[in-house]
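Structural overview for review
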Amino acid sequence: MGYLFFTLILVLLATIAYAAPAPAATTTRPPTGKATISTIAVDNPSVDTDGSGCRSGSVGVAFSSDNTYLTIIFDDFQAAIGPKAGDYKKRAFCRVNVTMIVPGWAFDVSSVDFRGYVNLAKGTNASIVSRWKWIDLKSGLDMKGKGNIQKKISGPFEDDFLLHKDGELADNEDSICSKVSAKFQLSLSASLDASSTTVSGLVKGDSVDAAFGQLLNLNWKKCS
Ligand SMILES: *[C@@H]1O[C@H](CO)[C@@H](O)[C@H](O)[C@H]1NC(C)=O
Ligand SMILES: *[C@@H]1O[C@H](CO)[C@@H](O)[C@H](O)[C@H]1NC(C)=O
């Protein structure tokens, strides 16, 4: 995907973010330009014959220019079931490890937006699940502050959909700040079920740019 195209998607997603509720007035965030992504590693876990993964290089991650949200673009995310499924599999799973450089700052995810396209005939269902967590770089152990979001959709349904979900900010300040130098791991999965072999269902990127987008709204804290 070209850089220009990627930028365009970020702009499109930015429009969504502006529609989201404003963060609490007390939220502080790193000065513009202080938050950067250093590596994006797409995991290619072995998936069974009913599933497909994500190609390396097919996931884009970027902070918004004001650092209020993190955009994750899956260029290669689709699942389908039934006679119209073609080459698609009934499950899709992508996982990405992200390391970032944000000296002296850490964040929690306050809410999440998804953007994609779903077309389900009567008798088919889709389940879309995203999970995220922080992994300590030194020990490799999971840290506090995991999150997850799940959306179930039953056919008949056809639309570009946008899902907004508030997170749970149960962390105390110490555990947020322990994430300053941690690795962020996020997974996204879609799975489809059908009541018979004659009905079709599809989950993929939306009709605007063919990419599946996920936007994490961030709650920053200054640590140090
Ligand atoms: C992602 O992180 C996990 C947990 O540390 C690790 O097992 C996996 O190998 C990493 N994947 C890549 C592609 O770096
Ligand atoms: C789809 O979801 C509905 C509601 O949860 C359930 O009753 C039905 O059995 C599901 N169908 C399939 C094919 O999984």
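For clarity, every value in this text was computed on a predicted model and none was experimentally measured. (Residues numbered from 1 in each chain as written. Chains lettered and ligands numbered in written order. Predicted model: local features only at pLDDT ≥ 70, side-chain atom pairs only at ≥ 80, totals over all residues.)

Comments concerning the overall build of the protein chain
In plain terms, the rule: Comment: elements are numbered from the N terminus, with helices defined as DSSP H or I runs of at least four residues and strands as E runs of at least two. To assign burial, the other C-beta atoms lying within 10 Å of each residue's own C-beta are counted, with C-beta atoms placed from the backbone; 20 or more indicates buried, 12 or fewer indicates exposed, and intermediate counts indicate partly exposed. Whether two residues are in contact is decided by their C-beta atoms, placed from the backbone, lying within 7 Å.
Per the secondary structure count, the protein chain includes two helices and 13 strands. With 224 residues in all, the protein chain has 37% of them scored as buried. Expressed as a percentage of contacts within the protein chain between residues at least 6 apart in sequence, the contacts between residues at least 24 apart total 81%.

Looking at the pairing of strand β4 (residues 69-74)
Selection rule: In this scheme, strands are said to pair when DSSP sees at least two bridges between them.
Taking burial as the measure, the six residues of β4 include six buried ones, the bulk of the element. Burial along β4 is two-sided: Tyr69, Thr71 and Ile73 facing one way and Leu70, Ile72 and Phe74 facing the other are all buried. Looking at chain direction, strand β3 (residues 59-63) and β4 are connected through five bridges and run antiparallel. Within the sheet, the bridge partner assigned to Val59 lies in β4 and is Phe74.

Section: the site of ligand 1
Here is the rule we go by: All residues are tested the same way: a C-beta atom is placed from the backbone, and lying within 6 Å of a molecule or strand makes the residue near it. Gly falls in the polar group here, along with every residue not listed as nonpolar (Ala, Val, Leu, Ile, Met, Phe, Trp, Tyr, Cys, Pro) or charged (Asp, Glu, Lys, Arg).
Surveying the vicinity of ligand 1 reveals the residues Ala41, Asp43, Asn97, Ile135, Gly140 and Gln185. Split by residue class, the shell around ligand 1 holds two nonpolar, three polar and one charged.

Description of the site of ligand 2
Near ligand 2, the surroundings consist of Asn125, Ser154, Asp193, Ala194 and Ser195. Partitioning the shell around ligand 2 into residue classes produces one nonpolar, three polar and one charged.

Regarding the nonpolar core
The test is simple: The term nonpolar core refers to a set of buried Ala, Val, Leu, Ile, Met, Phe, Trp, Tyr and Cys residues connected through C-beta atoms within 7 Å.
Ranked by size, the top nonpolar core spans 48 residues in total, and within it Phe74, Cys94 and Val203 carry the most contacts. Top contributing element to this core by residue count: strand β7 (residues 105-120), with eight residues.

Focus on the environment of Val118
Of note, Val118 is situated in strand β7. The residues touching Val118, leaving out its near neighbours within four places in the chain, are Ala126, Ile153, Phe157, Asp159, Phe161 and Val203.

Some words on the pairing of strand β12 (residues 201-204)
Neither face of β12 is exposed, since Gly201 and Val203 on one face and Leu202 and Lys204 on the opposite face are all buried. As judged from the three bridges shared by strand β5 (residues 79-81) and β12, these two strands associate in the antiparallel manner. For Ala79, the partnering residue across the bridge sits in β12 and is Val203. Where β7 and β12 come together, four bridges link them in antiparallel fashion. Bridge assignment links Val118 to a residue of β12, and that residue is Val203.

Description of the confidence of the model for the protein chain
For clarity, the threshold we go by: pLDDT is defined as a per-residue confidence score from the predictor, taking values between 0 and 100.
Of all residues in the protein chain, 83% have pLDDT values of 70 or greater, and the mean over the chain is 83. Confidence, expressed as mean pLDDT per element, reaches its minimum in the protein chain at helix α1 (residues 3-19) with 48 and its maximum at β5 with 96.

Description of the environment of Ala106
Tracing the backbone through its elements, the reader meets Ala106 in strand β7. Note: C-alpha distance between Ala106 and Ser178 (72 residues apart in sequence) is 8.0 Å. Once residues within four sequence positions are removed from consideration, Ala106 is found in contact with Ile176, Cys177, Lys179, Val180, Lys221 and Cys223.

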